[in-house]
Each structure stands twice: as structure tokens, then as C-alpha cells.
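Observations on the model geometry
Chain by chain, the residues run as shown.
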Amino acid sequence: ANVTGCTRCDVRILAPAAISACDPSASPQTARLESIFPKRLEILKSAREYPIQRIAFIHGEDLDFDKWQYDFKAKVVGVTLIPLRLTEKTIEDLPKLMHQVQAEAGVIHDDSLRDRYTKALVRVTSSIPKPFIFPLDEADIGAWMHYGTKVDLAARAVDYFIPILQGKKIANLPVGFPTEYELVVNQTLAQRHGWVFPKRFLMLPQREAGAN
């Protein structure tokens, strides 16, 4: 039911019954399942001059932790992942929870919690003097940073709707995977908290928040 013809999740499945590429028993010839989650962890790990080690994994109720093997991916990156399950009522408790588990940074899971409460998550995490990384465009509305696929969904939707209006069946239309990725760092917020990103972050192309 993807009417844009494009997914913003970087998931490539090369077999009907794909299993995680992080599974040591997985064979590239039989199955492969990838995500850009490890890349987000790598970005957070290098967000200061000495590596960040403890990263809070902020998620809602609908999480298949075993399927995506988040712990294994965190170990490959070299960080400790600390799951923090939030609900609408506990989002405001995040600063206290981060302190309790001694997390040095946070990664926001792309699930229904983020879908429904993006603004609340951005507001709360931006009040914490530790970097958080979001999956889509949240740095443009005040979050610490985001890293994810860069897709012009409006343009893709137009290209998809025209064939539908011409009578082509949706099942016969291709679904594209993203080819561009974007890391946006909110330097204004970082400076407000006294956070200094390494020089490699500042060497990236600059743009104003909200600009495409």
C-alpha cells in the first residue's frame, strides 16, 4: 500500500524468507537483510573526540528486538545499547531515565512512537545535553541530528500516480529504494548545550535548518 512507490527505509531483501545479515549463519547467496541502523550508531559513537560507549535505544511498544538483532549490530559497532521503552505518558521522564542508565547519547527508533509523538520527542531530547539521532527530518524542527534516506516523496508520488491514472495496476509498478542519504547536525542546539562536535562534523556541507 505504498502509494509513493518508494520506501524511506534502507532495507534490501534478496530472498522471500530473509534473515538478518548480522546473523553469522546467514549466507549472502540465500538471504540478506540490511538497515542503516548501525550507521546511526557509528555517527553517535564519533560525535565527540573520545568514543561514546553507552547509547540509549528509545522505542515504543511495537519492537521486534530479536528480528532486527539490534544488540548484535551494536556489538559490531563497538557500543552498548540500552533499550528504553517509552509511552506517551513517560516521554517527559526521558531525562531522568537517561541519567539512571548512564547513557551518553540516544538513538530514536523509527516506529509508531516516533510517528505519533515526534514533536514531543524532539522537544524533550533537545533539552538534554547529550546528542540524539533521529531517522528522518527531525533536525529541521529542532532535534540534535538526523541521519536517513533523502527522498522527495511528493515528486515520487506524482510519478507514481500518473501511471495509475493511465490504468496501470499498482502491483505492476516498481517500488524504488533510496539512493541518497543525509546527515543533518543542529549546531545551534549543540552550542547551546556546550557540546563540541569533532572537526570532521564541521567539515560537512552547511545549510540552514528546514532547507532542502
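Refer to the structure printed above.
To start, this report covers the structure provided alongside it.

**Digging into the overall build of the chain**
Within the chain, the regular secondary structure consists of nine helices and six strands. Put simply, the chain has 212 residues, and 43% of those count as buried. A fraction of 69% describes how many contacts in the chain between residues 6 or more apart in sequence connect residues 24 or more apart. For the chain, the exposed surface amounts to about 12,100 Å²; the carbon and sulfur share of it is 55%.

**A closer look at the packing of aromatic side chains**
Applying the stated criterion to the full structure yields seven aromatic pairs. When the ring of Phe37 is compared with that of Phe57, the centres are 5.4 Å apart and the planes differ by 75 degrees; the resulting orientation is edge-to-face. Here Phe57 lies in strand S1 (residues 54-59) and Phe37 lies in helix H1 (residues 37-45), a separation of 20 residues in the sequence. One exposure class covers both Phe37 and Phe57, and it is buried. Between Trp144 and Trp195 the ring centres are 6.0 Å apart and the planes differ by 80 degrees, which places this aromatic pair in the edge-to-face class. Placement of Trp144 in the loop between strand S4 (132-134) and strand S5 (145-149) and of Trp195 in the loop between helix H8 (187-192) and helix H9 (199-202) is noted, with a sequence separation of 51 residues between them. The two residues Trp144 and Trp195 agree in class, both being buried. By the ring-pair criterion, three or more aromatic residues cluster together here, those being Phe37, Phe57 and Tyr70.

**Some remarks on the sheet that holds strand S6 (residues 181-185)**
On the basis of which strands lie adjacent, the open sheet formed by six strands has the order S2-S1-S3-S4-S5-S6 and mixed pairing. At either margin of the open sheet sits one strand with a lone partner, and together these are strand S2 (80-85) and S6. Averaged over neighbouring strand pairs, the angle between their axes works out to 20 degrees when direction is ignored. The pairing of S5 with S6 spans five bridges and is antiparallel.

**Overview of the pattern of salt bridges**
Going through the model one piece at a time under the given rule, you end up with seven salt bridges. For Glu104, the salt bridge is made with Arg48, and the minimal N-O distance between the two is 2.2 Å. Residue Glu104 is found in the loop between helix H4 (94-100) and strand S3 (105-108), and its partner Arg48 is found in the loop between H1 and S1; the two are separated by 56 residues along the sequence. Shared partners join several salt bridges into a network, and the residues in it are Asp110, Arg114, Asp115 and Glu138.

**Here's the deal with the nonpolar core**
With 45 residues, the main nonpolar core has Leu41, Leu81, Leu94, Val107 and Phe132 as its most contacted residues. Excluding residues within four positions of it along the chain, Leu41 makes contact with Ile55, Ala74, Val77, Val79, Leu81 and Val107.

Analysis parameters
- Residues numbered from 1 in each chain as written.
- Predicted model: local features only at pLDDT ≥ 70, side-chain atom pairs only at ≥ 80, totals over all residues.
- Heavy atoms only, no water.
- Helix = DSSP H or I, 4+ residues; strand = E, 2+ residues; numbered from the N terminus.
- Buried < 20%, exposed > 50% of the residue type's maximum accessible area, 1.4 Å probe, protein only.
- Contact = heavy atoms within 4.5 Å.
- Areas by Shrake-Rupley, 256 points an atom, 1.4 Å probe, with all protein chains shown as cover.
- Phe/Tyr/Trp six-rings, centres within 6.5 Å; stacked < 30°, edge-to-face > 60°.
- Pairing = 2+ DSSP bridges.
- Axes fitted to C-alpha atoms, helices over the stretch in contact; angles between N-to-C directions.
- Salt bridge = Lys/Arg side-chain N within 4 Å of Asp/Glu carboxyl O.
- Core = buried A, V, L, I, M, F, W, Y, C linked by side-chain atoms within 4.5 Å.

On their own, these measurements won't tell you what the molecule is for.
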